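# Coordinates in review
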Amino acid sequence: MQQWPKFRTEAPTAWWSRSRMVTVSPLAAAWAACARPTVPAPMMTTSAGPVVEAGTGADGEVCLFTLLTLACPHKGARWNPDPPAVQLAPVQEAGRRPARPLPYRPNVRGNAGVDGFTLGLGNSANQSTHFTVYGYAGEFTEPRHFDVVGKQEVQIPLPGGIFDLIVTGPNRFQHELKGTTAGAAAGVDVAVAGRRGKKDVELELSNDGPSTVTLVLKSLQYVDGTENLTLKSGHRKKLGWLAAEGWYDVEITSPDDASFRRRLTGREEDGKTGISGWKRCGAPLR
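Structural notes, computed from the coordinates.

## What to know about the overall build of the protein
Helices and strands together make up the secondary structure of the protein, namely two helices and 18 strands. Among the 286 residues that make up the protein, the fraction classed as buried is 38%. Carbon and sulfur atoms make up 55% of the accessible area of the protein, which totals about 17000 Å².

## Digging into the nonpolar core
In this structure, Phe117, Leu119, Leu121, Leu205, Leu215 and Leu217 are the most contacted members of the largest nonpolar core, which totals 39 residues. Ignoring sequence-local partners within four residues, the contact set of Leu215 consists of Val188, Leu205, Glu227, Asn228, Leu229, Leu231, Ile252, Thr253, Ser254 and Phe260.

## Section: the packing of aromatic side chains
Applying the stated rule across the entire model yields three aromatic pairs. Each ring, one from Phe117 and one from Phe163, has its centre 4.6 Å from the other, and the planes form 40°; the classification is tilted. With Phe117 in strand E5 (residues 116-123) and Phe163 in strand E9 (residues 162-168), this residue pair connects regions lying 46 residues apart in the sequence. For the residue pair Phe117 and Phe163, the accessibility class agrees, reading buried in each case.

## Some remarks on the sheet that holds strand E10 (residues 174-180)
Adjacent strands of a sheet form backbone hydrogen bonds with each other and so pair up, either parallel or antiparallel. Spatially, eight strands are ordered E7-E6-E9-E10-E17-E16-E13-E14 in an open sheet, and the strand pairing comes out antiparallel. Two strands lie at the open edges of the sheet, namely strand E7 (144-148) and strand E14 (226-231), each paired on one side alone. Averaged over neighbouring strand pairs, the angle between their axes works out to 20° when direction is ignored. Bridging between strand E6 (residues 129-135) and E7 involves five bridges; their strand directions are antiparallel.

## Considering unusual backbone geometry
Of note, Asn171 is a non-glycine position whose phi angle comes to about 60°, a positive value. By the secondary structure assignment, Asn171 is in the loop between E9 and E10. By relative accessible area, Asn171 is classed as partly exposed at 32%. The backbone phi angle of Arg172 is positive, close to 65°, even though this residue is not glycine. Along the chain, the position of Arg172 falls in the loop between E9 and E10.

## Observations concerning the sheet that holds E5
Judged by pairing direction, the sheet is antiparallel, and its three strands sit side by side in the order E4-E5-E8 without closing on themselves. For this open sheet the edge positions go to strand E4 (106-113) and strand E8 (150-156), each flanked by a neighbour on one side alone. Ignoring strand direction, the axes of neighbouring strands in this sheet form an average angle of 15°.

Rules behind the numbers
- Residues numbered from 1 in each chain as written.
- Predicted model: local features only at pLDDT ≥ 70, side-chain atom pairs only at ≥ 80, totals over all residues.
- Heavy atoms only, no water.
- Helix = DSSP H or I, 4+ residues; strand = E, 2+ residues; numbered from the N terminus.
- Buried < 20%, exposed > 50% of the residue type's maximum accessible area, 1.4 Å probe, protein only.
- Areas by Shrake-Rupley, 256 points an atom, 1.4 Å probe, with all protein chains shown as cover.
- Core = buried A, V, L, I, M, F, W, Y, C linked by side-chain atoms within 4.5 Å.
- Contact = heavy atoms within 4.5 Å.
- Phe/Tyr/Trp six-rings, centres within 6.5 Å; stacked < 30°, edge-to-face > 60°.
- Pairing = 2+ DSSP bridges.
- Axes fitted to C-alpha atoms, helices over the stretch in contact; angles between N-to-C directions.

The values reported here are purely geometric and, on their own, carry no functional implication.
Right under this line is the structure:
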């Protein structure tokens, strides 16, 4: 019959105090004893004789701390990488893969007014969608989190009249909203209203401000596309936008308001099998 090792974790004191019983947690006891220099190091022995010729003690007894030190070298000596002189971000592998449909339909709307910024979080699917809202102009002291089914409005005070918000959601969903309450395009809102056809998406634009605003729409990745349009005060407009199987990334700016900027990127689900995102060829997400 094979003889399994027996562990003993006590100091080598007088013979009458040396127990021969097996300790349940020898490693914990070893660390505790070896950490106190006033206590002799605990020992380990086997019924078959000495384990190794190391440490201190008699009759083949070996300090567990010595064994642990030999088995686990100092973390500083494990790996000393040599970083390359020119460092680059990892490059995503080219190509596409099939993607299963997700039970989320996130949507973001928002416009600025005299009382602050009204952020509308929407989800037309039957599963809760998690949104994280970041404020880069001092709107929050820390990111805020929301789980939404249906619609939820968030009122954000803007004491300085400046806002720079980013809202993230599932599957690369990210909407950026930047501007000022005094800008000509403060009342402009742009949102993804759903799919148009099998591949493209539909944008919904509105202008609740007092004056006509010119908008410039530009695709940043997935497809190529640019369009200029004029939106009168109080008007709304729906616009078809090229997408790649629901994947979109569009930036909206205005020559009438240098502070105004929107960026909408993500994938509009249609409940069917789609494709994964691929190599980004436009501006990186912040």
